[in-house]
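# Geometric and topological summary
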Amino acid sequence: MDLAVFPWRFKFEARDAVQFPPGKAANVLRGGFGTVFRQVASDSYARIFEPTAARGEGPSGLANQPRPFVIRAAHLDGLRVEPGGRFHFDVHVFLRHDPALSAFVSAFDELGRVGLGAMRGKAVLESVWQLAMNREPEIELSPGAAPAPLRLPLECAGPAVSRLRICFLSPTELKAAEAVADAPEFAIVFARARDRVASLSTLYGVGPLDFDFRALGLRAGKVRMTRCDIQRMQAKRRSSRTGQTHSIGGFVGEADYDGELAEFLPVLNAAEWTGIGRQTVWGKGEIRCVTLD
């Protein structure tokens, strides 16, 4: 079993000053992208930006399908790029068979033309790169390219691991028992990672994953959190379409865990690319896993 991801880096040169608000860079990019995407790639818009589950399709409890992409731009939060300066952000796409590279390129190229960031500063899309497993640019892509995806293995094939650190790099909210969890206990973190990866596989990948979800959850409950160093971040976004205000805050920081961890690592490593928890398409829930053995 594996999860396919197309990880792309979009590199720009600023023509005007481009200002990204603190804590909201990914959300600002997502909003601007959605507006121009509908205009320049209307044939792909519904499938990618507003996917809706038909009756009886998709994972239980999801009236609307999760979008098959995430934007990674936390490094731009609060950053001002002066004219002539360069900046980039990453997009991870989980459409296994038709990732619509040309549609993404057209939309982000147009977004640069009309302006992005808090001041609508204009920028030129200089290049698009596919990332390697180490998240470094590997292959420069042309609009008509047909890159192969990275394949993220979901079955354990590595050595035993007894100590793990999970770093929460962007605001993260994890639900447990219909409420937002106060602390990133391992069972909760793994459950949300498992659900996120399973949903993307079911909707956009090879289909439902052949996991014993209940047994995995029981074993995850035996892993102990030995250290928790997190801080709460408050942020809000206002929808230009509905006028509603939504919280996009959550916790950042890190937590350490002890236990028999090897079988959980493939899903957690895949979740580094997908994000976990609520509102991942707004840039939330970015994690990194570090083994401490």
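Attention here is on the structure that accompanies the text. Computed from a prediction, not measured in an experiment: that's the story for all the values here. (Residues numbered from 1 in each chain as written. Predicted model: local features only at pLDDT ≥ 70, side-chain atom pairs only at ≥ 80, totals over all residues. Heavy atoms only, no water.)

Before going further, it helps to spend a moment on the overall build of the protein. Along its length, the protein carries 6 helices and 16 strands. Oriented by its inertia axes, the alpha-carbon framework of the protein measures out at about 55 × 40 × 40 Å. Residues counted as buried form 52% of the 293 residues belonging to the protein. Considering only contacts in the protein between residues 6 or more positions apart, those separated by 24 or more positions represent 75%. Just so you have it, the protein exposes about 13,500 Å², and 48% of that area is on carbon and sulfur atoms. Where the 37 positive side-chain charges of the protein centre and where its 33 negative ones centre are 6 Å apart. (Helix = DSSP H or I, 4+ residues; strand = E, 2+ residues; numbered from the N terminus. Buried < 20%, exposed > 50% of the residue type's maximum accessible area, 1.4 Å probe, protein only. Contact = heavy atoms within 4.5 Å. Areas by Shrake-Rupley, 256 points an atom, 1.4 Å probe, with all protein chains shown as cover. Lys, Arg positive; Asp, Glu negative; His and termini not counted. Charge placed at Lys NZ, Arg CZ, Asp CG, Glu CD.)

One finds Phe 10, Phe 69, Phe 87, Phe 89, Phe 104, Phe 186 and Leu 268 to be the most contacted residues of the largest nonpolar core, which totals 83 residues. For this core, the leading source of residues is helix H4 (residues 186-204), giving 9 residues. Setting aside chain neighbours within four positions, we find Phe 186 in contact with Leu 164, Ala 220, Val 223, Tyr 257, Leu 261, Phe 264 and Leu 268. (Core = buried A, V, L, I, M, F, W, Y, C linked by side-chain atoms within 4.5 Å.)

Taken as a whole and judged by the stated rule, the model has 23 salt bridges. With a shortest N-O distance of 2.9 Å, Arg 278 and Glu 173 are connected by a salt bridge. One end of the pair, Arg 278, is in the loop between helix H6 (265-274) and strand E16 (287-291); the other, Glu 173, is in the loop between strand E9 (163-172) and strand E10 (175-176), and 105 residues separate them in sequence. We classify Arg 278 as partly exposed; its relative accessible area is 33%. Classification of Glu 173 as buried rests on a relative accessible area of 13%. We note a salt bridge from Arg 227 to Asp 256, for which the minimum N-O separation is 3.0 Å. A residue pair is termed long-range when its members are at least 10 positions apart, and Arg 227 in strand E12 (residues 224-233) and Asp 256 in strand E15 (residues 250-258) qualify at 29 residues. (Salt bridge = Lys/Arg side-chain N within 4 Å of Asp/Glu carboxyl O.)

Attention shifts here to the pairing of strand E6 (residues 123-131). Taken together, the 7 bridges between strand E1 (residues 2-14) and E6 define a ladder with antiparallel strand orientation. Bridge pairing in E6 places Ala 14 opposite Ala 123. Judged from the 4 bridges that link them, E6 and strand E7 (residues 137-141) form a sheet pairing that is antiparallel. Directly across from Trp 129, in E7, lies its bridge partner Glu 140. The antiparallel pairing of E6 with E7 creates a hairpin that spans 5 residues between the two strands, and Arg 135 there sits at a positive phi of about 70 degrees. (Pairing = 2+ DSSP bridges.)

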